[in-house]
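Observations on the three-dimensional arrangement
Listed below, chain by chain, are the residues.
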Amino acid sequence: MEFLSKNTEDTKYIAHRFVSDLKTSQGEALVFGLYGDLGAGKTTFMKYVASEFGIQETIQSPTFVIMKKYKLVNSTFDFLIHIDSYRLESGEEILKLDWLQIIRNPKNIIFIEWPDKIKDVMPEHKKIFFEHITENERKITFE
Ligand code: ADP
Ligand code: MG
């Protein structure tokens, strides 16, 4: 499914719809790969998704911490995990963060920016593509 976002408010609404339509996971974590160039709107979308999940903290790009884990309340998921692999060259550092346990737990919902950088440790996932169209327009495509 494809959406044209004309401004950040549209992206917020797209995030709202996305979260409303989420189905719980069985067996393993629910994993989304966020694909797209720098500035395409991946972190912005994440920020709104986190807010839909009731996360109060400001979502910042986890570029320097690699992985951020947020405890969820009033959700069928226990943790929202946000990863930014931009600075990584492989999944080695991710593996050190208990990755195999994390992706095995169906109570985790995981979002990964730059999944191609950690192809070696990426589990099966759903893809979301972000494209920069004009200054304030973004195309968001859900596989
Ligand atoms: P990425 O994580 O993909 O590198 P960011 O979300 O950090 O991208 O940056 C996107 C930038 O584009 C933000 O500064 C945001 O305010 C801006 N922007 C402008 N229009 C939009 C839109 N329609 N949707 C999302 N972000 C937008
Ligand atoms: Mg980002």
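Let me begin by describing the structure that accompanies this report. (Residues numbered from 1 in each chain as written. Chains lettered and ligands numbered in written order. Predicted model: local features only at pLDDT ≥ 70, side-chain atom pairs only at ≥ 80, totals over all residues. Heavy atoms only, no water.)

So, on to the side chain of Thr141. Residue placement: Thr141 occurs in strand β7 (residues 138-142). Aside from chain neighbours lying at most four places away, what touches Thr141 is Met1, Glu2, Lys127, Ile128 and Phe129. (Helix = DSSP H or I, 4+ residues; strand = E, 2+ residues; numbered from the N terminus. Contact = heavy atoms within 4.5 Å.)

Time to look at the coordination of the magnesium ion (ligand 2). Taken together, Thr43 (OG1) and Glu113 (OE) make up the full set of protein donors to the magnesium ion (ligand 2), lying 2.1 to 2.2 Å away. Here the residue Thr43 occupies a position in helix α2 (residues 42-52), and Glu113 occupies one in strand β5 (residues 108-113), the gap between them amounting to 70 residues. (Donors = N, O, S within 2.8 Å, 3.2 Å for Na, K, Ca; no water.)

It is worth spelling out the environment of Ile103 at this point. Among the structural elements, Ile103 can be located in helix α4 (residues 99-104). Since its relative accessible area comes to 15%, Ile103 is described here as buried. In this structure, the C-alpha to C-alpha distance between Ile103 and Tyr86, residues 17 residues apart in sequence, is 20 Å. Look past the residues within four positions of Ile103 in its chain and what remains in contact with it is Glu28, Ala29, Ile110 and Pro123. (Buried < 20%, exposed > 50% of the residue type's maximum accessible area, 1.4 Å probe, protein only.)

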